[in-house]
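One letter stands for each residue in the lines below.
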4 protein chains.
Amino acid sequence: MTIRVGVIGAGIMGADHVRNLAGAVSGASVSLVADLDADRAAAAAGPAGARSTTDPRALITDDEVDAVVIASHDSTHAELLTACLDARKPVLCEKPLAPTVEEGRTVVEAEEAVAAELGRSLVSLGFMRRFDPAHTELRRRLAAGELGEVLVAHCVSRNVRSAPDATNISAITNSAIHELDSMPWLLRTSVSEVAWVSGRKASSLAPAGLQDPALMLLRMEDGTLVTLELFLNAEYGYSTRLEVVGERGTASFTESPLLEYNLDRRRATEYPADWRPRFADAYRIELQAWIDSLRTGAPSPLATARDGLRASEIGAALVASIDAGGAFVKVVHA
Amino acid sequence: MTIRVGVIGAGIMGADHVRNLAGAVSGASVSLVADLDADRAAAAAGPAGARSTTDPRALITDDEVDAVVIASHDSTHAELLTACLDARKPVLCEKPLAPTVEEGRTVVEAEEAVAAELGRSLVSLGFMRRFDPAHTELRRRLAAGELGEVLVAHCVSRNVRSAPDATNISAITNSAIHELDSMPWLLRTSVSEVAWVSGRKASSLAPAGLQDPALMLLRMEDGTLVTLELFLNAEYGYSTRLEVVGERGTASFTESPLLEYNLDRRRATEYPADWRPRFADAYRIELQAWIDSLRTGAPSPLATARDGLRASEIGAALVASIDAGGAFVKVVHA
Amino acid sequence: MTIRVGVIGAGIMGADHVRNLAGAVSGASVSLVADLDADRAAAAAGPAGARSTTDPRALITDDEVDAVVIASHDSTHAELLTACLDARKPVLCEKPLAPTVEEGRTVVEAEEAVAAELGRSLVSLGFMRRFDPAHTELRRRLAAGELGEVLVAHCVSRNVRSAPDATNISAITNSAIHELDSMPWLLRTSVSEVAWVSGRKASSLAPAGLQDPALMLLRMEDGTLVTLELFLNAEYGYSTRLEVVGERGTASFTESPLLEYNLDRRRATEYPADWRPRFADAYRIELQAWIDSLRTGAPSPLATARDGLRASEIGAALVASIDAGGAFVKVVHA
Amino acid sequence: MTIRVGVIGAGIMGADHVRNLAGAVSGASVSLVADLDADRAAAAAGPAGARSTTDPRALITDDEVDAVVIASHDSTHAELLTACLDARKPVLCEKPLAPTVEEGRTVVEAEEAVAAELGRSLVSLGFMRRFDPAHTELRRRLAAGELGEVLVAHCVSRNVRSAPDATNISAITNSAIHELDSMPWLLRTSVSEVAWVSGRKASSLAPAGLQDPALMLLRMEDGTLVTLELFLNAEYGYSTRLEVVGERGTASFTESPLLEYNLDRRRATEYPADWRPRFADAYRIELQAWIDSLRTGAPSPLATARDGLRASEIGAALVASIDAGGAFVKVVHA
């Protein structure tokens, strides 16, 4: 059985999903691609042997679409998810669930009502780090207790250049949101309070509304302290780091480059310019896991809508900390 | 269109191919699995939704088999390849093409006769390193001239433990054969002469008939010297290293572990116990490339039967060097 | 001219200084060693060809002592420094200047009065990181602007095991004091405010009075944010890390081990059990620089008493932050 | 007691020795510096508070010279060593002992005759790697059996640019000579035979008479095989590598840089342009060990004249292998 997928959004992320589903995932095909830009939709659809449209709602209800991927702008997520629920079709929505906690709650309520009716959940959320081999291996090793109790974790998330309209809020809801989901998942605990500490602003590079870099602190329910340096205009390269510090020792991600060069008085490995090479495997594995669950009828192993809401709720507390001058703010989970 | 693959051999390698073709490659399914051990065949076939048999020749001619993978013992390769050619079915045969140059030549002649008749080649050879991301990236960078002219290359190939019946000859035809194919491919030149230099034998570990480690030297047509330390009982871990030295600098493989640990006074990364984690991506990408070529009718991008013969011919020269006390021996390509 | 040094304190640190001054520093000899434990004093003095005493004040006024090193308990520093000033003898005192800001201020006032009288300063403070090759190279590179403006810095300071009577306060005044001196020195700016954030306590290892690990935040005058994870019971090894993050890139310390091992499925380098291997060069170079200044009459390039006071003042603000529940506290420099 | 040293040769190496002896070694001073270039002699002598001369023989017999360092051209070593022996003065001569085996034998005979007469040896040879912390640590660990029996070792020695008049012979007697001494010393065995294998020549960079890079093979008495890639025009940086492969695992030198940089899409450490930063500690420690032996009357722990002769004898066998087209040639130790 082949799952015929309709993909909404043919930007960088959506086009990657089309390529993976059509050419690197077992048991899937792409039947339809939707994008407001008809040319972009057609360009992504062509090599995959799919049709294209500019109407995402038509895609959702199309007879040849068994399941939907939403990779359009964040602001469209809630509405399109609701349409998928109405059509009773399984959907994988790119993170975030929604830009605001309010919208997210509405989606979760609708989703859980449909799940109760059907006996299975229709919504999966694309927090792909949950399928990144480094993340899954680390989670497994932590659970095995190899480091003893976890005490502290340090995250560093650096991009080459932010979007020109990035703000402190979008930096949280669009970028830091990854750690807001992955850290509770990795450490198997919840976040109880958070703080947002400003530092010195990268004067020439960052947009006016963006304090960049920023330091965020998460205190987990069990007391574990997580630091996150988010630096969207780090210029030198894309890098996602994590070190988990336990009673007996630490574990950290390597950068895992393929090649090392000796050139020009330097021994060097290279950084990618954006996130795609770093997480290419994660996206492919995530899509395969989603398709497998649809083929077998097993529950989706991806993040749920509620997971997405929880990440947004932590983000909301960070935004509140900005307003509170960097003080710790309690996280409220609905 | 889905390519229905029959897999001959359900050992470690064959079972991995079944899993990949059934669950991680786009456009393929496994229809039949053959193994002399009926239980092993059934165990591999079951999760893939395939039938099983103990008769490889019946598999080759089965109507539901569009293409064949041969992953049975090296000694069966030539005969099974000939049967695939007779059946005019495309086949991916694990390396080596055959244990001896003579058998290899027979296969190549048959293969090229059929290819002339059909206008396309049916045989692909499983030198998976040609699809390993580190190898392909290095080959691309070398071609781009980033290191200047290549002058020397150093290969190290270490396994934890050899087969108990390993010999100097099997070490060449079964293990070193990878470098005998990959180095000419990487450097885009041929091997003109080779030498096999014995060192000190690992007394307690290696089988009686195996000088382990051994040092092999390849001199390429353009003068480039390649060294290969092959150590099959290296005990500490599985490791494939390569450093290419050019006029301006060098490039080398990293070990690319996912995690680094600080524990017990050590900062450490881990080695796998065998080759599978190191080359898991290479096998999957190779299979996808093979399936893609079958679906589109494009020529297979995998190694050819003639490539396999050339590697065997280099191996034969290394065996001759053992007999000649380690002197350089010219390579004869038919 | 050979500078005859008297060393007060023959513990680990004092004995190391005796060995260096007697056997690895040009232009110095050790004439006298003082320790309350007469045997320990004699044991350190013997191989250096020095006399020993249990009376530090007699040492200071001894005719064969041209200059004094103080490596006795922190609580004795202020009093012994005052005695050296009274004797008008140059002195190198191990950090900290004194356990409290009040004592430190008294010493600085006395020291500056004598300096005004003599036209040169007598007191040098043993913040050896200022002579560590990694620190000095980094400081030089930062000043050259290679990273652009500095925005954030991350310090990690981990020991294997704390003193059994360690407290949150001693962790600051005795351990974190290194970063409290080195970070303003490296970044060539002052600390304006600090915060001390507790995390989850390493339950089984740390003394009752010690929150371990702890996270400290320093905000510099120019806005640069410095994070310091201090973990005195990190068990796995001794490690001092620093990454400075600038607009264009980052620079960080390597661990600089000599050898790398492949053993037991691991590729590993080793950590020392304490600080001495990591800073052996720094201590030797610092002593040589001090002796050179005494021989040539040039001003001492070591940290000054006032530098020591400034570090203590930052430490006092951190202690105040503990009492304030982790809020930022302004640093007051006299 | 201060040892007053006379230094012959005020080139790069000699000037470094003067600086170390005058400013970084305990118990030594420099009393006299000799160089054929009077200005160069004076420039080196000045900051050390030493006199200068153009006459090395006058230096050797000078009353204020207790011991001599020879750092002049290789061709002068034998003659100057003989003069030191005649004057019965201890001498540290830079490697090599002499450019030819014949000259070396003459010196060793004279040296051993004087040693028999005095009951102590006067000549030490400057194979500084014996004092490099990475080398001494590795030698200690090998002796402790941590890797099991040693089976193979791989050396790589790369320089940025060779001398313009470098030849295959000078590459052996002046550069490879380091490994010809250090490998038997590290592995505590002798070299039984050697081979010199040419590769592809770096066309544009190396002098006409120099095959660069070259691969040398040393077979030790116990069968251990040592490979040495010597590449004098490697351009990218100065690098000395060694990996020793044992039955249980391997140990290798790290490059031990102080800092790591993230800049321009690269994570990089830097290579020095020549050997001095890499071996600065080794030279200082070697000089201190030599001075200590002179002060205490203990035997010098440095390499002996006979060690130097043995290295030259191995070099002679390598030269013979060049003439024999790369075949293995037995080493003859007198």
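Residues numbered from 1 in each chain as written. Chains lettered and ligands numbered in written order. Predicted model: local features only at pLDDT ≥ 70, side-chain atom pairs only at ≥ 80, totals over all residues. Heavy atoms only, no water.

### Some remarks on the overall build of chain A
Assigned secondary structure in chain A consists of nine helices and 15 strands. Computed over its C-alpha atoms, the radius of gyration of chain A comes to 20 Å, within 12% of the 20 Å expected for a compact globule of 334 residues. Along the first, second and third principal axes, the C-alpha atoms of chain A reach 55 × 50 × 45 Å. Counting only residues that meet the buried cut, chain A has 61% of its 334 residues in that class. Within chain A, contacts between residues at least 6 apart in sequence are counted, and of these 70% link residues at least 24 apart. One way to put it: in chain A the 33 positive side-chain charges average out to a point 5 Å from where the 45 negative ones average out. (Helix = DSSP H or I, 4+ residues; strand = E, 2+ residues; numbered from the N terminus. Rg over C-alpha atoms; globule rule 2.2 N^0.38 Å. Buried < 20%, exposed > 50% of the residue type's maximum accessible area, 1.4 Å probe, protein only. Contact = heavy atoms within 4.5 Å. Lys, Arg positive; Asp, Glu negative; His and termini not counted. Charge placed at Lys NZ, Arg CZ, Asp CG, Glu CD.)

### Points about the side chain of Thr269 of chain A
Take Thr269 of chain A: it is sitting in strand S14 (residues 266-270). A relative accessible area of 10% places Thr269 of chain A in the buried class. Sequence-distant contacts of Thr269 of chain A, that is, excluding residues within four places in its chain, are made with Pro257, Leu259 and Glu260 of chain A together with Arg265, Arg266 and Arg267 of chain D.

### Notes on the confidence of the model for chain A
Per-residue confidence for chain A gives a mean pLDDT of 96, with 99% of residues at or over 70. Prediction confidence for the complex, expressed as pTM and ipTM, is 0.97 and 0.95 respectively. (pLDDT = per-residue confidence, 0-100.)

### So, the relation of the copies chain A and chain C
With an axial shift of 0.0 Å and an RMSD of 0.1 Å, the rotation relating chain A to chain C amounts to 180°. On the angle and the small slide along the axis, the relation comes out as a two-fold axis. Relative to the rotation axis, the C-alpha of Ala327 of chain A is the closest in chain A, positioned 3.8 Å from it. Most of the interface of chain A is mirrored in chain C, where 100% of its interface residues again form contacts. (Least-squares fit on C-alpha atoms with pLDDT ≥ 70 in both.)

### Some remarks on the interface of chain D and chain B
Counting residues at the interface gives 39 residues for chain D, matched by 39 residues for chain B. Both sides together, the interface formed by chain D and chain B hides about 2,800 Å², and carbon and sulfur atoms give 56% of it. Taken as a group, Leu151, Arg200 and Glu247 of chain D account for 25% of the area that chain D buries against chain B, more than any other trio of residues on that side. Our count for the chain D to chain B interface comes out at eight salt bridges. As a salt-bridge pair, Arg241 of chain B and Glu243 of chain D come within 2.7 Å of each other at their nearest N and O atoms. Between chain D and chain B we count 16 residue pairs in polar contact (both at pLDDT 80 or more) in total. Tallying contributions element by element places strand S7 (residues 150-158) of chain D first for the side of chain D that touches chain B, with five residues. Per-class residue counts for the side of chain D that touches chain B are 15 nonpolar, twelve polar and twelve charged. (Buried area = accessible area lost by both parts, 1.4 Å probe. Salt bridge = Lys/Arg side-chain N within 4 Å of Asp/Glu carboxyl O. Polar contact = N/O pair within 3.5 Å; in protein donor to acceptor, adjacent residues only side chain to side chain. Nonpolar A, V, L, I, M, F, W, Y, C, P; charged D, E, K, R; others polar.)

### Quick look at the relation of the copies chain D and chain B
When chain D is fitted to chain B, the best match, at an RMSD of 0.0 Å, comes from turning it 180° and sliding it 0.0 Å along the axis. A shared interface surface links the copies, since 100% of the contact residues of chain D are contact residues in chain B too.

### Describing the pattern of salt bridges
The full count for this structure, using the stated rule, is 115 salt bridges over all chains. A salt bridge links Arg200 of chain A to Asp222 of chain C, with the nearest nitrogen and oxygen atoms 3.4 Å apart. In this pair, Arg200 of chain A is assigned in the loop between strand S8 (191-198) and strand S9 (214-220) and Asp222 of chain C in the loop between strand S9 (214-220) and strand S10 (225-231), connecting two distinct chains. Judged by its relative accessible area of 31%, Asp222 of chain C falls in the partly exposed class. The salt bridge partner of Asp16 of chain D is Arg19 of chain D, with a shortest N-O separation of 2.6 Å. Residue Asp16 of chain D and its partner Arg19 of chain D are both found in helix H1 (residues 12-23); the two are separated by three residues, about one turn of the helix. Among the charged side chains, a network of salt bridges with common partners joins Glu137, Arg140, Arg141 and Glu146 of chain A together with Glu270 of chain B.

### Thoughts on helix H9 (residues 305-323) of chain D
All names here are of chain D. For H9, spanning 19 residues, the distance from its first C-alpha to its last is 27 Å, which sits close to the expected 27 Å at 1.5 Å a residue. When H9 is considered as a whole, its buried residues turn out to be Ala305, Gly308, Leu309, Ala311, Ser312, Glu313, Ile314, Gly315, Ala317, Leu318, Val319 and Ser321. Of the surrounding secondary structure, the elements contacted by the buried residues of H9 are helix H5 (101-118), strand S6 (123-126), helix H7 (168-187), strand S8 (191-198), strand S9 (214-220) and strand S15 (329-330). (Expected span 1.5 Å × (residues − 1).)

### Observations concerning the packing of aromatic side chains
Per the stated rule, a full pass over the model turns up four aromatic pairs over all chains. Ring centres 5.1 Å apart and planes at 70° place the aromatic pair Tyr236 of chain C and Tyr271 of chain C in the edge-to-face group. Of this pair, Tyr236 of chain C sits in the loop between S10 and strand S11 (239-246) while Tyr271 of chain C sits in the loop between strand S14 (266-270) and helix H8 (275-296), and the two are 35 residues apart along the sequence. Here the basic side chain of Arg278 of chain A rests over the ring of Phe253 of chain A, its NZ or CZ set 5.8 Å away from the ring centre. Seen from the ring of Phe328 of chain C, Arg219 of chain C lies directly overhead, with NZ or CZ sitting 4.6 Å from the centre. (Phe/Tyr/Trp six-rings, centres within 6.5 Å; stacked < 30°, edge-to-face > 60°. Lys NZ or Arg CZ within 6 Å of the ring centre and 35° of its normal.)

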